[in-house]
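Summary of the model geometry
Spelled out, the chains give:
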Amino acid sequence: MPRIELQTEIKADRNIVFDLSRSIDLHKISTEQTNEEAIAGKTSGLIGMNESVTWRAKHFGIYQKLTSKITEFDRPNYFTDEMVKGAFAEFKHEHHFAESNGGTLMTDFFDYKSPFGILGKLADKLFLKKYMTELLTERNRIVKEFAESDKCKEIINEKSTVYNNV
């Protein structure tokens, strides 16, 4: 099973980075290039334990639906989302957050299994792992951009516990 591991240093409080990472609204912004839209389940705001979201997005010229569910949640340390239904045979995305140099080290572990057996493995090697790495890198760039500026207030309500804990 292929694994993508990314680390992103963010000069912001861990609570803010954690909440931005689970924001449906910020996810929409970070995936504009694939026309990603939340169409069922939790469709806006902050997703939490046992909640799911169904996304509709265009990848490789084809519209696809993918439903993922939050299966682990320990604010502000980590959360995990896993595919319930979609194009992959399976995937698990772990999001970890650690205090680091006065900011946050965000680490992603994205494990996935492509469908179609040997053809799926070939697709992984030829283009899929690179494509998924680029999508996750862009998502992390957007999280960093919003967390390190006042843009985070556009996504997270100032009355939320995030701002009360900072």
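Please refer to the structure placed before this passage.
Overview of the structure.

What counts and how
- Each chain carries its own residue numbering, running from 1 in the direction its sequence is written.
- Per-residue local features are limited, in this predicted model, to residues with pLDDT of at least 70; the limit for side-chain atom pairs, both in listing and counting, is 80 or more; totals at the level of whole chains, interfaces and linings are taken over all residues.
- Neither water nor hydrogens contribute to the side-chain values; these are computed over all heavy atoms in the structure.
- For the purposes of this entry, the term helix denotes a DSSP run of H or I that reaches at least four residues, the term strand denotes a run of E that reaches at least two, and both are numbered from the N terminus.
- C-alpha atoms define the radius of gyration, and 2.2 Å times the number of residues to the power 0.38 defines the globule rule.
- Relative accessible area decides the class of each residue, using a 1.4 Å probe on protein chains only: under 20% of the type maximum gives buried, over 50% gives exposed, and in between gives partly exposed.
- Note on contacts: a residue pair qualifies if any of its non-hydrogen atoms lie within 4.5 Å across the two residues.
- To be clear on the numbers: accessible area is Shrake-Rupley with a 1.4 Å probe, and residue cover counts the displayed protein chains and nothing else.
- The sign given to each residue is positive for Lys and Arg and negative for Asp and Glu; His and the chain ends receive no count.
- For the purpose of locating charges, the reference atoms are NZ of Lys, CZ of Arg, CG of Asp and CD of Glu.
- Stacked, tilted and edge-to-face pairs are distinguished by plane angle, under 30 degrees for stacked and over 60 for edge-to-face with tilted covering the rest, among Phe, Tyr and Trp rings (Trp via its six-membered ring) whose centres lie within 6.5 Å.
- Any carboxyl oxygen of Asp or Glu that lies within 4 Å of a side-chain nitrogen of Lys or Arg is treated as forming a salt bridge with it.

Quick look at the overall build of the protein now. On a plain count of helices and strands, the protein comes out with five helices and seven strands. Of the regular secondary structure in the protein, the N- to C-terminal order runs β-α-α-β-β-β-β-β-β-α-α-α. Its C-alpha atoms give the protein a radius of gyration of 16 Å, near enough to 15 Å, the size a compact globule of 166 residues would have. Overall size of the protein, expressed as C-alpha extent along the three principal axes, is 50 × 35 × 25 Å. A total of 166 residues make up the protein; the buried ones form 46% of that total. Taking as baseline every contact in the protein between residues at least 6 positions apart, the subset at least 24 positions apart corresponds to 50%. For the protein, the accessible surface area stands at approximately 8900 Å², while carbon and sulfur atoms represent 51% of it. Averaging the coordinates of the 24 positive side-chain charges in the protein and doing the same for the 26 negative ones gives two points 4 Å apart.

Position of Ile-62 relative to the elements: it lies in strand E4 (residues 62-74). Ile-62 sits 71 residues away from Thr-133 along the chain, and the two C-alpha atoms are 19 Å apart.

Considering all chains together, one arrives at nine aromatic pairs under this definition. Ring geometry for Phe-18 against Phe-97: centres 5.2 Å apart, planes inclined by 70°, an arrangement best described as edge-to-face. Highlighted residues: Phe-18 in helix H1 (residues 14-21) and Phe-97 in strand E6 (residues 90-100), separated in sequence by 79 residues. Taken individually, Phe-18 and Phe-97 each receive the classification buried, so the pair is uniform in this respect. Pairing Phe-79 with Phe-97 gives two aromatic rings, centres 6.2 Å apart and planes at 20°, and the pair type is stacked. Linking Phe-79 in strand E5 (residues 78-85) with Phe-97 in strand E6, this pair joins segments that are 18 residues apart in sequence. In this structure Phe-97 comes out as buried when scored by relative accessible area, which is 4%.

Before going further, it helps to examine the pattern of salt bridges. In total, this model carries 12 salt bridges according to the counting rule given. Linking Arg-141 and Glu-138 is a salt bridge whose minimum nitrogen-to-oxygen distance equals 2.9 Å. Taken together, the positions of Arg-141 and Glu-138, both in helix H3 (residues 117-147) and three residues apart, correspond to about one turn of that helix. According to the relative accessible area criterion, Glu-138 is partly exposed, its value standing at 25%. Between Arg-141 and Glu-145 there is a salt bridge whose closest N-O contact spans 3.1 Å. Here Arg-141 pairs with Glu-145, and both are found in helix H3, just four residues apart, close to one helical turn. For Arg-141, a relative accessible area of 41% corresponds to the partly exposed category. Judged by relative accessible area, Glu-145 falls into the partly exposed class, the value being 28%. One network of salt bridges, with partners in common, ties together Glu-138, Arg-141, Glu-145 and Lys-151.

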